[in-house]
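# Per-entry structural report
Residues per chain, in single letters:
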Amino acid sequence: MTSSGLRIEVRRRWFVGLLGVILGCAGSPTSAGDVSSLTIVGAAFAPCGGFTNAARANCAPRPEHGPPDSTVATGDPASLTIGMYALYISPNDDCSSPVLVDDYGATASDKDLVANPVLFTGNPANGSYRCVMLKMSDVIRMKPLTSFGTCVAGTEYAGDIYRDGQTGWKDVDLNPIVGTGTDSLPADDHVTLFMTRDTSAVIARGVSGNQAITLGSDLVVPGTTTFFWNGQGSVVDEGGQCGINPGRPSFQ
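The structure contained in this document is the topic of the report that follows. Please read these numbers as outputs of a predicted model, since none were measured by experiment.

## Some words on the sheet that holds strand β3 (residues 74-75)
- As summarised here, the arrangement of the three strands in space is β3-β15-β16, forming an open sheet in which the pairing is antiparallel. Across the chains shown, the open sheet's two edge strands, defined by having one partner strand only, are β3 and β16 (241-244).
- When β3 meets strand β15 (residues 235-238), the two strands line up antiparallel, connected through two bridges. Its bridge partner being in β15, threonine 74 is matched across the sheet by valine 236.

Structural data, given as structure tokens:
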């Protein structure tokens, strides 16, 4: 594999790890019931109470500084923007019979995780759900908080993680998702991540292993859940290109 090909694969893997934690199918999704409330909030950083004393300083915003510092290898994101399209949940390990919780339609709703946005709300029936499916853009936009290496504070960088020529991923109906775009010319593909208590079950139904992620515990409704990306130090100067590495995702 060429260095360019390796970089593409690494970015795709971190993307799956990052957003799969925010949280195919035989037929079309059914509409959610009107019984209870579910809210999912996004956050770029871990709650301060979860830090050790040495790491707790990362809770406070750090000021931007001037010229790039060649001695610094990593930094924090000042913004991390992802276009959200829809959220589905299923009581089944194989993600069958998906229930549509929230849908932004054909135009993505941009969510900056640093700003702690509400990602999705809806009224699915009370219960425990074994699978969460997130439909989102594959173009990730990020601004570094500080300048270092090739990274310039306040400058937006975009990465395309499902690119031209890739066809292995599926949507909630198990239709193939065709990748388009490159890093120099990103294109918005509507990709789906499947997070389930049993990844082997959803893979057996035809979902790519690259879009199937283990769900640590059932999603319980009713309730409010926060997706913490835990991204301290995740902005990197990678081979002369400013990019972002995976955070340490958690669902609380």
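## Structural notes on the side chain of aspartate 138
- Along the chain, aspartate 138 falls in strand β9 (residues 131-144).
- There is a polar contact of 2.9 Å between the side chain of aspartate 138 and the backbone nitrogen of aspartate 189.

## Concerning the pattern of salt bridges
- Tallied over the entire structure, the rule returns six salt bridges.
- For the salt bridge of arginine 130 with aspartate 93, the shortest nitrogen-to-oxygen distance reads 2.8 Å. Residue arginine 130 is located in the loop between β8 (127-129) and β9, and its partner aspartate 93 is located in the loop between β4 (77-90) and β5 (99-103); the two are separated by 37 residues in the primary sequence.
- We classify arginine 130 as partly exposed; its relative accessible area is 25%.

## Here we look at unusual backbone geometry
- Between valine 221 and the following residue, proline 222, the backbone shows a cis peptide bond with an omega angle of 10 degrees.
- Along the chain, proline 222 turns up in the loop between β13 (219-221) and β14 (223-228).
- Look at serine 97: it is not a glycine, yet its phi comes out positive at around 55 degrees.
- Relative to the helices and strands, serine 97 is located in the loop between β4 and β5.
- You can call serine 97 partly exposed: its relative accessible area is 48%.
- Located in the positive-phi region is asparagine 116, a residue other than glycine, with phi close to 55 degrees.

What counts and how
- Residues numbered from 1 in each chain as written.
- Predicted model: local features only at pLDDT ≥ 70, side-chain atom pairs only at ≥ 80, totals over all residues.
- Heavy atoms only, no water.
- Pairing = 2+ DSSP bridges.
- Helix = DSSP H or I, 4+ residues; strand = E, 2+ residues; numbered from the N terminus.
- Polar contact = N/O pair within 3.5 Å; in protein donor to acceptor, adjacent residues only side chain to side chain.
- Salt bridge = Lys/Arg side-chain N within 4 Å of Asp/Glu carboxyl O.
- Buried < 20%, exposed > 50% of the residue type's maximum accessible area, 1.4 Å probe, protein only.

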